[in-house]
Amino acid sequence: MMNDRIPDGDLLERARGGDHAAFRTLVERYEHVVAATVIGMLGPGAEAEDVGQETFIRFYAALNRFREEASLKTYLTRIAINLSLNALKRRKRFLSRHVEGDLMDTIQLDPGAGPADRVESQDVRETVRSAIDRLAPKQKAVVTLRLIDGYSTRETAELLGVPEGTVLSRLSRALKRLQPHLQPLMEA
Amino acid sequence: MKDRDLIDALGSIIRNAEDRRFEPGFSHRVMERIRAETEVPVIVLSGALRRQFLRLVPIAAAVLVALSAYSLLGLGTSSGQSLLEAALGLEPLTVETAYALDQSFSTAGND
């Protein structure tokens, strides 16, 4: 493995010159950033892995266009969030084509009665994932960036290309939707 | 509960709930895909072309030498042709050959 102390700029320069080992070091250095975003958006599994790989492939293709004024972390997060939103659109299209309406409502929209009653029989992970999956994709993006990745409201707004007020309103709606499902975990 | 506290509390639950890491070997899989999508087709194609080219070059060169030798031996360079014209098997260009060509075209046209 290449030395972790080599600055990103040097690795980028070497990767642009065709040095695969340098690019691989960048992947290893930032895969946790991309993983936090795509798994936060899509949940763990093959789809998240595929979007994660695609994020780095897009980055590789754009190596010569990437200007280092933007931080690499922010740049990769932006690619990851856009690809995740696309994946969610594809998922929604797939569900609307292949799943009966009533079932789709259950999967996507219906929060279900009495989430608190079910918490005991559910794993915490499933409860959280199920709560996040009920959010609209744009709310999910805000929750992922603000709550999971730890970006500020302003940074989240920049990453999503929307005003800060939009981030705040999406976050507020998302919290209202999440709270009843996660309340039992907060009290635990 | 204030929004700030709610964000912190929910954020903490969400962050701790899932293991947000890819399976081990992620960077290797990324590099494999990059190789597969960018380099391999070019390498395979250029390698295959180079092999075909190298196989055909000696055959083409031998045929060229043989035809040139045949033309030189058959026609010679005595009729005012250059060596190159003779090697390429070109007929010497004279008024007679030009008329002969014209007649042969006319005959072919009448057929």
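Rules used in this analysis
Residues numbered from 1 in each chain as written. Chains lettered and ligands numbered in written order. Predicted model: local features only at pLDDT ≥ 70, side-chain atom pairs only at ≥ 80, totals over all residues. Helix = DSSP H or I, 4+ residues; strand = E, 2+ residues; numbered from the N terminus. Buried ≥ 20, exposed ≤ 12 C-beta atoms within 10 Å, placed from the backbone. Contact = placed C-beta atoms within 7 Å. pLDDT = per-residue confidence, 0-100. Axes fitted to C-alpha atoms, helices over the stretch in contact; angles between N-to-C directions. Parallel < 35°, antiparallel > 145°, perpendicular 65-115°, else oblique. Left-handed = near helix turned anticlockwise from the far one by under 90°. Nonpolar A, V, L, I, M, F, W, Y, C, P; charged D, E, K, R; others polar. Core = buried A, V, L, I, M, F, W, Y, C linked by C-beta atoms within 7 Å. Domains from an automatic or database assignment.

(A) A look at the overall build of chain B. Along its length, chain B carries four helices and zero strands. When its helices and strands are written in sequence order, chain B yields α-α-α-α.

(B) Quick look at the overall build of chain A. In terms of regular secondary structure, chain A is built from 10 helices and zero strands. Secondary structure elements of chain A occur, N-terminal to C-terminal, as α-α-α-α-α-α-α-α-α-α. Per-residue burial over chain A gives 33% buried out of 188 residues. Taking all contacts inside chain A whose residues are at least 6 apart in sequence as the whole, residues at least 24 apart take part in 61%.

(C) Geometry of the environment of E49 of chain A. Secondary-structure assignment places E49 of chain A in helix 3 (residues 46-61). Along the backbone, E49 of chain A and I39 of chain A are 10 residues apart, and their C-alpha atoms lie at a distance of 8.3 Å. E49 of chain A has contacts with F22 and E23 of chain B, leaving out every residue within four places of it along the chain.

(D) Highlighting the environment of R170 of chain A. Residue and element names in this part refer to chain A. With respect to the element layout, R170 can be found in helix 10 (residues 164-187). Considering only alpha carbons, one finds R170 and V143, 27 residues apart in sequence, at a separation of 8.6 Å. Beyond its immediate sequence surroundings of up to four residues, R170 is in contact with K138, Q139 and V142.

(E) Examining the confidence of the model for chain A more closely. Residues and elements named next belong to chain A. Mean pLDDT over chain A: 84, with 84% of residues reaching 70 or higher. Averaged pLDDT values for the elements of chain A fall to 49 in helix 6 (residues 115-119) and rise to 95 in helix 3. In this model residues 106-114 is a low-confidence stretch, pLDDT under 50, and it forms six contacts with partners more than four residues away in sequence or in other chains.

(F) Seen up close, the interface of chain B and chain A. Contacts between chain B and chain A engage 22 residues on the former and 30 residues on the latter. Every element with two or more residues in the side of chain B that touches chain A is listed here: helix 1 (3-17) and helix 2 (26-75) of chain B. Per-element accounting of the side of chain B that touches chain A gives the leading share, nine residues, to helix 1 of chain B.

(G) Main features of the packing of helix 1 (residues 8-16) of chain A against helix 2 (residues 20-42) of chain A. Residues and elements named next belong to chain A. Direction vectors running N to C along helix 1 and helix 2 enclose 135°, while the axes themselves pass 7 Å from each other. Here helix 1 lies oblique to helix 2, going by the angle between them. Classified by chirality, the crossing of helix 2 by helix 1 is left-handed. From helix 1, D8, L11, R14 and A15 reach across to helix 2, where they touch A22, F23, T25 and L26. By residue class, the composition of the contact of helix 1 with helix 2 is five nonpolar, one polar and two charged.

(H) Highlighting the nonpolar core. V38 and V142 of chain A together with I14 of chain B are the most contacted members of the largest nonpolar core, which totals 48 residues. Top element by residues in this core is helix 2 of chain A. It accounts for 11 residues. When residues of this core are sorted by domain, at least three fall in each of domain 1 (1-108) and domain 2 (111-188) of chain A. Not counting chain neighbours up to four residues away, the residues in contact with V38 of chain A comprise A48, V51, G52, A80 and S84 of chain A.

(I) Looking closely at the packing of helix 7 (residues 124-133) of chain A against helix 1 of chain B. The N-to-C vectors of helix 7 of chain A and helix 1 of chain B enclose an angle of 115°; their axes lie 9 Å apart at closest approach. Our pair here, helix 7 of chain A against helix 1 of chain B, has a crossing hand that is left-handed. Note on element contacts: helix 1 of chain B touches helix 7 of chain A through I13, I14 and A17 of chain B, opposite V124, R125, V128 and I132 of chain A. Looking at the contact of helix 7 of chain A with helix 1 of chain B, its residues break down into six nonpolar, no polar and one charged.

(J) Helix 8 (residues 137-148) of chain A, seen in detail. By the criterion of burial, helix 8 of chain A is predominantly enclosed, with 10 of the 12 residues buried. Looking at helix 8 of chain A, one finds that the buried residues are Q139, K140, A141, V142, V143, T144, L145, R146, L147 and I148 of chain A.

(K) Up close: the confidence of the model for chain B. When pLDDT is averaged along chain B, the result is 78, and 82% of the positions lie at 70 or above. For this predicted complex, the interface score ipTM comes out at 0.77, while the overall pTM is 0.64.

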